[in-house]
Amino acid sequence: MKITPACTNVIALLAAYGCNPATSFSHSIARNLNTRRIPTTLASTTAEPTTTDDVATPVAQATSVASVPKFAQRWRKRTKQLATLGPASSTLEMIETLFLAGADIFRLNFSHGSQEQKKELLTMIREVEEKYSHPIAVLGDLQGPKLRVGEFSNPNGEKLEKGQIFRLDLDEALGDATRVMLPHPEIIAASEIDHVLLVDDGKVKLTVVGKGENDAYLECRVDVPGKISNRKGVNTPDSVLDISPLTPKDRSDLEYMLGIGVDWIALSFVQQPGDIDEIHSLIDQHLPEGMFRPAVMAKIEKPSCFVGDNLENIVEKCEGIMVARGDLGVECAPEDVPLLQKQIIDTCRRLAKPVVVATQMLESMIESPTPTRAEASDVATAIYDGADAIMLSAESAAGSFPEESVAMQQRIINRVEGDTHYRSYLDQLSMSKKNNAADAITSAARQIAQTTNAKGIVCFTLEGSTVLRASQERPTVPVLAITPFKETARQLAMSWGVYPDLPRSGAFGFTADEDDFFNVSNPTVDEDDDDFDIVLKNACRAALRKGLVNDPNDLLVVTAGLPFGTPGACNIIRVLPAAGPQCWDGICRVD
């Protein structure tokens, strides 16, 4: 084996990537003329960060399996955790605490607070990410349209009686017990006789019994009586409104998100597939030059999403889905929501898209250190259903027990995933497979890992498509994603069972022009034959850093696509021991 200039460049890149080439490679190079035996213990010299004055600084130190980070428990879970940040979790210390408690993704809710506050939170998240050398995804959540009634002359509102007729119109005069302004002509236009309108999250139910000329007003019968007061929300479960899901505020927030570099953008008020086209078009227009394109997550909260093939088309057009059970639970019958949740999750799995189950998962933990039994069962059900991630909203954003809420979710995840029934539930859904090499190899990787009792599946990827396919298979071992792009690594943090390695040099670890490597559409790589073994060695070190392997003979199943730099390519599958690609049966061989 010769040491080529390419290999010299590789060693330099590996130093940037997180390995100390002096200790990791010099001994193997010096001994490469002789056959050598695998050491009885497995250790890796990596760049583990330390902090000084709250600034993360990489310092080389030897890391053995015995000293894996205290957050390594996350490698033992498959379902991801998404925590919303807010007043209760807006400090660097609390964000770090929530990360160590199990949070994989942080949500920035643009319905509350200023844009500048969100940028400060993102900066702190990136500090935690750098400190622990682990990618953390950031989800920016757009508010969406808020449909509300006008105001009443009585500041305390009015009590509506069952059976009475109540008018919703466009008159700006203050309302009374017989009428109120509805400042949304699109609702009046879209409503038909017998359509239902729900006020104040369904506390008052109105049924349309008449319409004025030129869509001037709606005459409604009160079917569920109750109090109606200023600016209460209105839901339209029977109508598809001719309205954009993006308000002027949302457009401003979207442009701001693109500028600060969030990884995911959640779109509210999705009614039909065309709404996804609209946000993609805006991203194309406003994405700053040189910025990585964020993934789009559609929030399913309207009954119209389930009409015809709308759901499947929506899932196909975006990169992820959120089961937004708040509004979904208002606009759909409560008994339908669990079934719709399962339908959404199954559709996302079939199409290899990550899906998040959200809203009121541990609602009582806003004020209590422990959840109700019903809440624990609700979280467990979402996990059994096969969701990629589960979310906390007010529990972590404004509650008194944000850390306990995240930790409780992880405890439920660990318990469910340790149940023998869990695997049988995951395997019940048959996956649709394409007749191509990539699908065949990712499917085979799952079977090989199970047959050989491998410790993990390692996927080399540019944009994440191969990793998403591996996650879709729901393998019995973790999926380690190796990518040259931090942004891809962060986006993959949303997917079930996937734990991306945080790239350091913008490369897989082999020779390349670093500037070219950040061109995701056409990266340039050196195809020297020696490089692939070095890439595989780097994968072994990444698995060790994550604590996925702890013995030199532990096996890893590796998938990759050659030539490197071809998005979506997957044409190689390899089984190798944790000690390296040339080490088998206790012997390291050198050609």
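How each quantity is defined
- Residues numbered from 1 in each chain as written.
- Predicted model: local features only at pLDDT ≥ 70, side-chain atom pairs only at ≥ 80, totals over all residues.
- Heavy atoms only, no water.
- Disulfide = S-S within 2.5 Å.
- Helix = DSSP H or I, 4+ residues; strand = E, 2+ residues; numbered from the N terminus.
- Expected span 1.5 Å × (residues − 1).
- Buried < 20%, exposed > 50% of the residue type's maximum accessible area, 1.4 Å probe, protein only.
- Pairing = 2+ DSSP bridges.
- Axes fitted to C-alpha atoms, helices over the stretch in contact; angles between N-to-C directions.
- Contact = heavy atoms within 4.5 Å.
- Phe/Tyr/Trp six-rings, centres within 6.5 Å; stacked < 30°, edge-to-face > 60°.

Novice: What's the story with the state of the cysteines in this structure? I'm lost.
Specialist: Covalent bonding between the sulfur atoms of two cysteines defines a disulfide. A complete count under the given rule lists zero disulfides for this structure. Here C318 is not cross-linked by a disulfide; its sulfur's nearest cysteine counterpart is in C348, at 7.3 Å.

Novice: Looking at this structure, I do not really get helix 11 (residues 337–350). What am I missing?
Specialist: Owing to its 3.6 residues per turn, the α-helix brings residues three or four apart onto one side. Taking 1.5 Å per residue, 14 residues should reach 20 Å; helix 11 reaches 20 Å between its end C-alpha atoms and fits that length. For helix 11, the full list of buried residues reads V337, L340, Q341, I344, I345, T347, C348 and R349. Downstream of helix 11 by a residue or two, A352 has a phi angle that is positive, lying close to 55 degrees.

Novice: How should I be thinking about the sheet that holds strand 20 (residues 456–460) in this particular structure?
Specialist: Backbone-to-backbone hydrogen bonds join strands into a sheet, with any given pair of strands oriented parallel or antiparallel. One open sheet holds the five strands; their spatial order is 22-21-20-23-24, and the pairing between them is mixed. For this open sheet the edge positions go to strand 22 (498–500) and strand 24 (572–577), each flanked by a neighbour on one side alone. On average, each strand axis in the sheet is inclined to that of its neighbour by 25 degrees, with strand direction left out of account. As paired elements, strand 20 and strand 21 (residues 479–482) share four bridges and run parallel to each other.

Novice: Looking at this structure, how should I read the sheet that holds strand 17 (residues 320–324)?
Specialist: Pairing in this closed barrel of eight strands is parallel, and the strands run 4-5-6-15-16-17-18-19 around the ring. Strand-to-strand, the axes of this sheet are offset by a mean angle of 25 degrees, without reference to chain direction. Sitting on the sheet, helix 14 (residues 402–417) touches strand 4 (80–85) and strand 19 (389–392), and the angle it makes with strand 19 is about 155 degrees.

Novice: How should I be thinking about the packing of aromatic side chains in this particular structure?
Specialist: The description of an aromatic ring pair rests on the distance of the ring centres and on the angle between the ring planes. One pass over the structure, following the stated rule, counts four aromatic pairs. Look at F99 and Y132: their rings are 5.4 Å apart centre to centre, the planes differ by 45 degrees, and that puts the pair in the tilted class. Here Y132 lies in helix 5 (residues 115–132) and F99 lies in helix 4 (residues 92–101), a separation of 33 residues in the sequence. In this structure F99 comes out as buried when scored by relative accessible area, which is 0%.

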